[in-house]
Amino acid sequence: MYGSLGWVVPRAVAAAAEAAAYERRWRPEVVRRQRGGRRGAAWFVPASRWGAGVRRAGVRLTGLPGVSAAVGAAMGGRPGPGVEEVSAR
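Keep in mind that what you see is a predicted model, and the values were worked out from it rather than measured.

In terms of regular secondary structure, the chain is built from four helices and zero strands. Residues classed as buried in the chain amount to 9% of the 89 residues present. On the chain, roughly 7200 Å² of surface is accessible, and the fraction owed to carbon and sulfur atoms is 64%.

Spelled out as structure tokens, the structure:
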């Protein structure tokens with residue numbers, strides 16, 4: 001096959017650099033989305049009776065005009081950037 005393994009090290013270094021660049025590009029977006037997911041989970045599965053009461057009150061308030069959109073925006077958050085936008089960073 002190959003007389004030496006000298007070709008392995010440069011490829012490994014290049015792969016590590018690519019992985020680091022990928023991580024830098026995507027980390028902020030992933031952290032933001034995970035934070036939103038945790039907030040959403042806390043809303044749907046409250047950790048206390050008080051939290052459950054707040055959730056029930058919030059659900060009842062969604063019947064009022066304008067409140068439903070505000071609650072939906074708070075739960076869903078804003079749409080994030082697309083793959084093209086993050087990849088361009």
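Moving on: the pattern of salt bridges. For the coordinates displayed, the defined rule picks out three salt bridges. Taking the shortest distance from any N to any O, the salt bridge between Glu23 and Arg27 comes out at 2.3 Å. Of this pair, Glu23 and Arg27 both sit in helix α1 (residues 8-44), four residues apart, which is roughly one turn of that helix. Taking the relative accessible area as the measure of exposure, Glu23 reaches 39% and is therefore partly exposed. Between Glu29 and Arg33 there is a salt bridge, and its shortest N-O distance comes to 2.8 Å. Here the residue Glu29 and the residue Arg33 both occupy positions in helix α1, the gap between them amounting to four residues, near one helical turn.

At Trp26, α1 shows its maximal kink, close to 45°; a proline, Pro28, follows between one and four residues later. Regarding α1, the residues found buried are Ala21, Trp26, Glu29 and Gly40.

Let's shift gears to the confidence of the model for the chain. Here the chain averages 80 in pLDDT, and 79% of its residues register 70 or above. Ranking the helices and strands of the chain by mean pLDDT puts helix α2 (residues 49-61) first, with 88, and helix α4 (residues 83-87) last, with 68.

Residue class for Glu29 comes out buried when judged on its relative accessible area of 8%. A polar atom in the side chain of Glu29 sits 3.0 Å from the side chain of Arg32. A distance of 2.8 Å separates the side chain of Glu29 from the side chain of Arg33, its partner in a polar contact.

The rules behind these values
- Residues numbered from 1 in each chain as written.
- Predicted model: local features only at pLDDT ≥ 70, side-chain atom pairs only at ≥ 80, totals over all residues.
- Heavy atoms only, no water.
- Helix = DSSP H or I, 4+ residues; strand = E, 2+ residues; numbered from the N terminus.
- Buried < 20%, exposed > 50% of the residue type's maximum accessible area, 1.4 Å probe, protein only.
- Areas by Shrake-Rupley, 256 points an atom, 1.4 Å probe, with all protein chains shown as cover.
- Salt bridge = Lys/Arg side-chain N within 4 Å of Asp/Glu carboxyl O.
- Bend = angle between axes of the 7 residues up to and from the residue.
- pLDDT = per-residue confidence, 0-100.
- Polar contact = N/O pair within 3.5 Å; in protein donor to acceptor, adjacent residues only side chain to side chain.

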